[in-house]
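# Summary of the model geometry
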Amino acid sequence: MFKLQSWLLLMQFANLHGHSFHILNRSNNSENNTNTQFHNIYGRSIFLLVHHQTRLSKHSFIHSIMADALLEIVIGNLNTFIQGELAAFWGVDSQAQKLSSSLKMIRAVLQDAEERQIKSNSVKLWLQDLSDAAYVLDDILEDCSTQSNLLQLEQTSSGVVRRAHGTWLASLHPKSLYFRRDVAKRMKEITNRLHEIDERRRTFELRTGVIERQQEDDQQRQTISTIPEHPKFGRVEDKEKIVEFLTKHASSIDGVSVYPVVGMGGLGKTTLAQWVFNDERVEQHFNLRIWVCVSTNFNMMRILQSIVESSTGVNPNLSTLEAMQNKVQQVLLDKRCLLVLDDVWENDKWEDLKSVLNSRGSETKGVSILVTTRDQIVASAMETCPTHHLQPLPQDENWSLFTHYAFGPNKEQPAKLVEIGKEIVRRCVGNPLASKVVGSLLGIQKEEKEWLNVLESKFWDIDGVMGALRLSYFHLKPSSRQCFCFCALYPEDFRISKEQLIHLWMANGLIKSKGHLEVEDVGNQQWEELLQRSFFQEVSIDKYGNTTFKIHDLFLDLAHSIVGEEYKAYGESASLTDLSRRVRHVSYSGFPELNQNTLKNIESLRTFIDLEPAISNFLIRYPVLVLHKVQLYNSLRALRTGSSELSALKSLTHLRYLNIYNSYITKLPKCVSRLQKLQILKLEQCHVLTCLSKHISKLKDLRHLLIEGCWSLIEMPPKMGELKQLKTLNIFIVDSKAKHGLAELHDLQLGGRLHIKGLENVQSEHDAREANLMSKKELSYLYLSWNSNSNSNSNSLCISPERVLEALEPPPNLKNFGINGYRGSEFPGWVRNTNIFSSLVNVILFDCNNCEQIPPLGKLPHLESLYVSGMKDVKYIDEDSYDGVEEKVAFKSLKELTLRNLPKLERIVRDEGVEMLPLVYKLTISCIPNMKLPHLQSVEVLEIKGLESDNEDVASVLEEIFLSVRCVKQLTIRSFPKLKVLTQELGTLSSLQELDIDDCVELESFVENVFQGLSFLRKLTISDCPRLKSLSSVAEHLTCLEFLTICSWPESMTLPTNMNKLTSLHDVIISGRVPEGLQCIPSLKPLMLFEVDSLPEWLGDMTSLQHLYIGGSPRIRSVPSSFRNLTNLRSLTIYDCARLEQRCQRETGQDWPNIAHVPHVDIREQQHRYTSWEMAKFKWNLRRSNISKHPNFSFDEMVEDLHKQKQD
C-alpha cells in the first residue's frame, strides 16, 4: 500500500509528466537530399554550382550533442517515473532502473561519438538507432503518464476519494490490467533493444567524457528583437552594371530580355537583386516591377499567380493555367516591366513561361527579367545576354562586413582580435553570409581565447562556407540547436510565423519554462538568439505585432544535413507514399498523394502539419486530407488539418498542438476534451462552428485557445476559469447561465488579444469586476462588445452598461482598443484617462449610439488608426481643450481615419487654431452631412459614402469635401441616392488616378467638362448607377485612361462616338449589357463581360482584341459567326455560361468553327462551390446566431482584419 505522500507524488506526476522534451538529433544520407555541391575555388576563380550533385550528404553527420539533449530528457523522465513510483505502480520498476543506468553510460561517451561519426559510418548508424530507441521509450513513458491522468479523472468524476487504496482498486479494472500487461511487454522490448545498442557501444571503444557546454554570462546573452540593416559592403560595380543594362540596353533586345546572375549560395545574389530592384533609376524606368521568389520548384501556376498578386495586390483565384496566363498577359499589357525571378533552381518550364511573357502583341514595351541562380546550366538556358558571375567579396569589403557584426559600428577593435579576425575572414573565402554569421557569433564573445577557438575549429577543414555555418551552429546552446533544426519542417523561401513556430517548439518539448520565465518567454528568447546569430532573415513585424521571417536556404541545407530523414517538407501535389520509418515531422501543402498505409510504418511520428493558409471566404473550398483516411498514431504531438471528419482525434492522446482550419464542423467534437496534454488549440475560419465542447475545461494543460474567423460561434463552454494555465483566450462570450460569466476570467493571466462579447448578459457590477482585467498586464488588444439587437434594458437582472464598462477597466499600455454596441450615455473615467491609453495605436468605437462625447484621443502620441461609427449625437471627434498646450497638433500620428454614421458631427477638433491630422493618408467618410473638413494635403485615399435617405444638398457636401483634399489619388463615391449630377469640383482633383462611383441610383450625368482637369486618371469604375445616360466627356479628356469598368450597364446609357480618342485604354470590364461603341477603342486588348444576355455581331469588329473573358452569363445562346474575324484573339475564357458549354465543345460544338482559330480556349463551370447541404447548414447557423442581422458581424470582421497575419 502506498503512503498518502506517495499517492500525492503520483498524482502530481500524472499532472506534470506531459512536459517532456523530444529532441531531434539524427541525420541520414537521404536519397531525396539531392541538393547541389558547391566547391570553394580560391583566388580569382568563379564560384559555380553544379545542380543535382550531393553537397551536404557527403559530410552529413549526426550531432551527438542532439542525442545528448534527447537522452538528458529521457533520463530525467525515467528518474521521475521511478521516483514518483509510477514505475512500481505499473510493474516495470526493474526495467526502468536498468534503462536509466544503461542510458547514463551511453550518454557518457557521446562526445567521442560526435568526433568519430564524421568518419565512421558505423558510429553514425549506431547514433541513429540510439535516437530511434529513445523516441520509442519516450512514447512509452508518455503513455504511462496519460493513462495515469485518465485514471485520476475517472476517480474524480465518479467521486472516489483520492487515497492510495482508491488507486489500487482502480488498477484492478480490466482496462488498467490490460494496460499494465501492455506496458510490461513494451518495456521489455525496449530494454532488450537498448541493451543491444549498449553492447554495440562497447565494440567502438568510445571514450567517456562530458560534452562541453557554453557557460556564458546571462547579461552577454541578452538579445534584441531585430538586427539593424547593415550598410552596403561592396557590389557597387555589380549593381551599376546590371542597372545600366536594364535601363539602357534591355529595350534593344527583341522579345523578353533575360539577365542571369550566377553565384554560389551566400554570395549575396538576392541582396544584389534587391538593391537593383529598388534603385531610383530602375523605379523611374519601369512602369511595373514584380518580384517572384521561384525557389526549387519551377511551378508555372505559382509563378504566374505571384506575378498577378505582385502587380495588383489581389489573389486572382484562378484554377486553370490557361486563365492564369490570360490574366498575366492583361497585367503586363503595354507596360515596361521588370520581373525578378529570384533563386531559380531548374528551368524545365522556362520555355512555357517565356512564351506567355512574349505573346503580348507588337505594341509591347518589353519585359526585362533579372534571374538569380546558383546553377550555370539554368542561367545558360534562360539568358539572352551574357551571364553575370558574382565573385566573392574583396577581402577589405568582407572585413568591413565582418567587423560590423563582430565589433559593431564605431566600436573599439582590439589589435589582437583584429589579427585573429582577419584570419577568420580569410577562411570565409569572400562569402558574405559566412562573414555575417561568424561575425554575429563573435559579437558576443570578447575574449581572445574564444576567438582562437573559432579560428582553430575543425569545421573549417570540411568546407569554408558550410564550415562557418556549422561553427556558428555548434556555438549555440543545445536547446537552441534543437529549435533551429526544427525549422527543417518548412520548405525553402517559406515565410514562417514566429508564433506558430514557438507553439510547435512547445508541442514537441523543445522548450520549457525556466525559473520565473514562462515557456513562451523561453521560446521568444530562443527565437531572438537565432535571429541575433543571423540564422533567421527578412523579419517582418506588422503594426499589430505579427512577426514572420525566412531562413536562408544554406541554413536549411545545414538543418537537413543534421536531421536527415527525421523532417520532410512536401510541396504541392507531392507524394507522401514513400516516407521513411524514421521520419518524425512532416509538413505538406495542397492535396498530397497519400494512402491509408502511408504512416503505418513510421515508428514515432510527432508532427503532421498542413501549411495551406486559412481562407476567409466561406464560398471557396479546396480538397483536404480527411483524417479518418490517414492512419495517425498517438505519438503525434502537433497536428494542423482542414478536415471535417475529426473522429481520429480520440486516439491522439499525446497531442499538444491542434489547429483546425476551414473545417465544416458545427461543434468541436467531444473527443477533443480527452486530449489531456493539449496546450494549443487554434480554430481558424471554421465558418459554421457554433460552439465548443462543453467539457473543454478538462484540458488542464491548455495554454492558448485561439479562435479566428468563426463567425457562427454563439457560446462558450462552462467553467473556463478552471483552465488555470490559459495564457491566450482571444474570444470570450458572456452568458447569464451558471459558470458562463465574467468571473471565469478572474484568475486567468491572459495576454495578447481578448474580445469579450455578450456584455448585455452581465447581471451585476460585481460580476463585471470579477473579470479582473486590471491584473492582466500582458493584454495588448482589448475589445468589448454588447449585442445591440438585444433588449438588455428590459431585463431586470442586467445592470446598466455604464456600470459594466466602469468595472472593466483594463491595464495600461494597451495597443488596440475597441468598444461595440455600448448603450451608455457617457464613457466612464478610465476610458477618458489618456495615461491608460498613452500607447494606443488603433481605436474602434462602433455603434455607441447614446454617447454624446468621444474620449479624448487627439493627444495620444502613437495613435495611427481611428474608426468611429454610429454615434448619433457626437459633434466633435476631439472635444479636449488645447489651451496651454505647447504643441497644438491633434492626432499627430494618425494615418487612417474612418468616420461613419455621425449625423451631427461638425468638426474634427472643437478648439479653433489647432493643426490636425498632418499625416493622415486614408480618409473614409460615411453619412456625415454637416461636418466641416479641414484642409488635408496628406490624404491620398478618400472614400465618401452618402445617406440612404439623403435629403441634403448632396452636391454642396461633395464640393466642400473635394476642396479640402486636393491631393487625393484614389477616390470612391458610394451610396448617394439623391445625387443627380456629379459636381464640377471633382475636376479640380488634378492628382486623381483612380475614380470609383458606386450605387448612386439617381445619377444621370456629369457636369460638362468635369473630366477636363483629370488628365492623370488611369482607372474609372462605375457600378449600379442605372440612370446614368452618357459618358460624353470621358473620351475627350481622359487621354491617360487605361482601365474602364462599368457594372450593371444602364439601359439608357450609350458610349460617345469618339471612343477612338482613348488610345491608352486597353482594359475594359462590362456587366449587364454590351454597349455599342466598344469596337471603336483602338488599343483594347483584354475585354471581360459578365452577366450579359447576348453577344452582338459587331464584337467581331474589335480586331485589336487579344483576350476575351465571358462569365456568369447563362442566357447567352450562341457565339456570333463574326468572332472568326478576331484574328488577334489569343485566348477565350467562357465561365459559368451553361448554354455555351455544349455549343463551344472542341470539334463537335455548333459554335466551335467560330472560335477554332483561337489558340487558347477555356470553357468551364463554376468550381469550389459548397454543396446544397453545406450551404443549408451554414445558413441555419447564421439564422441561429443572428450574425447576418446585427452589427457585431461587421465589428468582428474589423477586429479580424486588424490581426490578419500576412503569409507572403
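All residue numbers here refer to positions counted from 1 along the written sequence of the relevant chain. With the structure being a predicted model, the display of local features is reserved for residues of pLDDT at least 70 and the display and counting of side-chain atom pairs for 80 or more, all residues being used for whole-chain, interface and lining totals. For side-chain calculations, the full set of non-hydrogen atoms in the structure is used, while hydrogens and water are omitted.

### Re the overall build of the chain
Note the following rule: Strands here mean DSSP runs of E at least two residues long; helices mean DSSP runs of H or I at least four residues long; both are numbered from the N terminus. Accessibility here uses a 1.4 Å probe with only protein chains present; expressed as a share of the type maximum, an area under 20% marks a residue as buried, one over 50% as exposed, and anything in between as partly exposed. Note on contacts: a residue pair is in contact if any heavy atoms of the two residues lie within 4.5 Å. Computed with the Shrake-Rupley method and a 1.4 Å probe, the accessible areas treat only the protein chains shown as cover for residues.
From N to C terminus, the chain includes 32 helices and 42 strands. Residues classed as buried in the chain amount to 58% of the 1208 residues present. Taking the contacts inside the chain whose residues are at least 6 apart along the sequence as the reference set, 66% of them involve residues at least 24 apart. Looking at the chain as shown, the accessible area adds up to about 49,300 Å², and 46% of this sits on carbon and sulfur atoms.

### Observations regarding the UniProt feature "coiled-coil region" (unreviewed entry) in the chain
Which entries qualify depends on this criterion: UniProt positions are given in the numbering used here, feature names are shortened, and annotations may be inferred rather than shown by experiment.
Per the UniProt entry, the sites bearing "coiled-coil region" (unreviewed entry) are residues 180-207 in this numbering. Taken end to end, residues 180-207 comprises 89% helix and 0% strand; its first and last C-alpha atoms sit 38 Å apart.

### Here's the deal with the sheet that holds strand E5 (residues 337-344)
Filter applied, for reference: For two strands to count as paired, DSSP must find a minimum of two bridges between them.
Spatial strand order, E4-E5-E6-E3-E7: five strands in an open sheet with parallel pairing. The open sheet is flanked by strand E4 (288-295) and strand E7 (388-389), the only strands paired with a single partner. As paired strands, strand E3 (residues 257-262) and E7 are joined by two bridges and run parallel to one another. Bridge assignment links Val262 to a residue of E7, and that residue is His389.

### Considerations on the packing of aromatic side chains
Quick note on the threshold: Aromatic pairing here means that ring centres of Phe, Tyr or Trp (its six-membered ring) are within 6.5 Å. Orientation follows from the plane angle: under 30 degrees is stacked, over 60 is edge-to-face, and everything else is tilted. Charge over a ring is defined by NZ of Lys or CZ of Arg lying within 6 Å of the ring centre and within 35 degrees of the ring normal.
Inspection of every chain in the model, using the stated rule, returns 24 aromatic pairs. Aromatic side chains Phe817 and Phe837 sit 5.0 Å apart centroid to centroid with 35 degrees between the ring planes, which places their arrangement in the tilted category. One end of the pair, Phe817, is in strand E22 (residues 816-820); the other, Phe837, is in the loop between E22 and strand E23 (842-846), with 20 residues separating them in the sequence. You can call Phe837 buried: its relative accessible area is 3%. Each residue in the set Trp399, Phe402, Phe407 and Trp451 is aromatic and connected to the rest through ring pairs, giving one cluster. Over the ring of Phe277 we find Arg289; its NZ or CZ atom is 4.7 Å from the centre of that ring. The ring of Trp527 has Lys498 sitting right over it, with the charged end atom 4.4 Å from the ring centre.

### Examining the sheet that holds strand E8 (residues 496-497)
In space, the three strands of this open sheet follow the order E8-E10-E9, with antiparallel pairing throughout. Both outer strands of the open sheet, E8 and strand E9 (537-541), are each paired with one neighbouring strand and no more. Here E9 pairs with strand E10 (residues 547-550) via three bridges, running antiparallel. Of the residues in E10, the one forming a bridge with Gln537 is Lys550.

### A short note on the packing of helix H21 (residues 478-485) against helix H23 (residues 519-532)
Basically, it comes down to this: Orientation is described by lines fitted to C-alpha atoms, with helices fitted over the stretch in contact, and by angles between N-to-C directions that extend from 0 to 180 degrees. Working rule for angles: under 35 degrees goes down as roughly parallel, over 145 as roughly antiparallel, 65 to 115 as roughly perpendicular, anything else as oblique. Ten residues, namely Ala, Val, Leu, Ile, Met, Phe, Trp, Tyr, Cys and Pro, are considered nonpolar, four, namely Asp, Glu, Lys and Arg, are considered charged, and the remaining ones, Gly among them, are considered polar.
Close contact between H21 and H23 brings their axes to 10 Å; oriented N to C, the two are set at 80 degrees. Of the possible angle classes, the one that applies to H21 and H23 is roughly perpendicular. In this structure, H21 uses Ser479, Ser480, Cys483 and Phe484 to contact H23, whose residues at the interface are Gln526, Glu529 and Leu530. Grouping the amino acids of the contact of H21 with H23 by side-chain chemistry returns three nonpolar, three polar and one charged.

### Concerning the pattern of salt bridges
Filter applied, for reference: Just to be clear on terms, a salt bridge is a Lys or Arg side-chain nitrogen sitting within 4 Å of an Asp or Glu carboxyl oxygen.
Counted by the stated rule, this structure contains 55 salt bridges. Where Arg581 meets Asp132, a salt bridge forms, and the shortest distance between an N and an O atom there is 3.9 Å. Here Asp132 lies in helix H6 (residues 121-158) and Arg581 lies in the loop between strand E11 (567-570) and strand E12 (585-588), a separation of 449 residues in the sequence. Between Glu529 and Lys477 there is a salt bridge whose closest N-O contact spans 3.9 Å. Of this pair, Glu529 sits in helix H23 while Lys477 sits in the loop between helix H20 (464-474) and H21, placing them 52 residues apart in sequence. Glu529 sits in the buried class, given a relative accessible area of 5%. According to the relative accessible area criterion, Lys477 is partly exposed, its value standing at 25%. Taken together, the shared-partner salt bridges connect Asp129, Asp132, Arg193, Glu196, Arg200, Arg581, Arg582, Arg584 and Glu603 into one network.

### A closer look at unusual backbone geometry
With a phi close to 65 degrees, Lys739 is a non-glycine residue in the positive phi region. Mapping Lys739 onto the fold places it in the loop between strand E19 (731-733) and strand E20 (751-757).

### A short note on the environment of Leu1028
One can find Leu1028 in the loop between strand E36 (1019-1023) and helix H28 (1034-1037). Once the C-alpha coordinates of Leu1028 and Cys1000 are considered, the two residues, 28 residues apart in sequence, prove to be 9.1 Å apart. Residues within four places of Leu1028 in sequence aside, it is in contact with Leu1003, Glu1004, Ser1005, Phe1006, Ile1022, Pro1050, Ser1052 and Met1053.

### With respect to a positive patch on the surface
Formally: Exposure above 30% relative accessible area and the absence of a salt bridge qualify a residue for a patch, where like charges join within 9 Å and nonpolar side chains (Val, Leu, Ile, Met, Phe, Trp, Tyr) within 5 Å. Residues counted as positive are Lys and Arg, residues counted as negative are Asp and Glu, and His and the chain ends are not counted. The atom standing in for a charge is NZ when the residue is Lys, CZ when it is Arg, CG when it is Asp and CD when it is Glu.
A grouping of Lys667, Lys670, Arg674, Lys694, Lys698, Lys719 and Lys739 is seen on the molecular surface, where their side chains present a positively charged patch. As for its placement among the helices and strands, Lys667 is situated in the loop between strand E15 (657-661) and strand E16 (680-684).

### Concerning the confidence of the model for the chain
Predicted coordinates in regions of low pLDDT should not be interpreted in detail. Here is the rule: Confidence of the predictor in every single residue is expressed as pLDDT, which spans 0 to 100.
When pLDDT is averaged across the chain, the result is 79; 81% of the residues are at 70 or more. Within the model, pLDDT remains below 50 along residues 1-63, and this stretch shows 202 contacts once partners closer than five positions in the same chain are excluded. Predicted confidence is poor over residues 1184-1191, with pLDDT under 50, and the contacts of this stretch with residues over four places away or in other chains come to 16 contacts.

### Considerations on the environment of Thr1127
With respect to the element layout, Thr1127 can be found in the loop between strand E40 (1107-1111) and strand E41 (1131-1135). A C-alpha to C-alpha distance of 9.6 Å links Thr1127 and Met1102, two positions 25 residues apart in sequence.

### Section: the state of the cysteines
The condition that has to hold: In this description, the term disulfide denotes a pair of cysteine sulfurs within 2.5 Å.
Inspection of every chain in the model, using the stated rule, returns zero disulfides. Cys1137 carries a free sulfur, and the closest cysteine sulfur to it, the one in Cys1144, is 9.1 Å from it.

### Digging into helix H12 (residues 300-312)
What counts, and what does not: Expected span of a helix: the number of residues minus one, times 1.5 Å. The definition of a polar contact used here is a pair of N or O atoms within 3.5 Å, where within protein one atom must be able to donate a hydrogen and the other to accept one, and adjacent residues in sequence count solely through side-chain atom pairs.
In this model H12 runs 18 Å from its N-terminal to its C-terminal C-alpha over 13 residues, within 8% of the 18 Å that 1.5 Å per residue would give. Every buried residue of H12 is listed here: Met300, Ile303, Leu304, Ser306, Ile307 and Val308. Tucked inside the fold, the buried residues of H12 contact E4, helix H13 (321-332), E5 and helix H14 (350-358). The N-capping residue of H12, defined by a side-chain oxygen 3.0 Å from the backbone nitrogen of Met301, is Asn299. After H12 finishes, the residue Gly313 shows a positive phi value of roughly 75 degrees.

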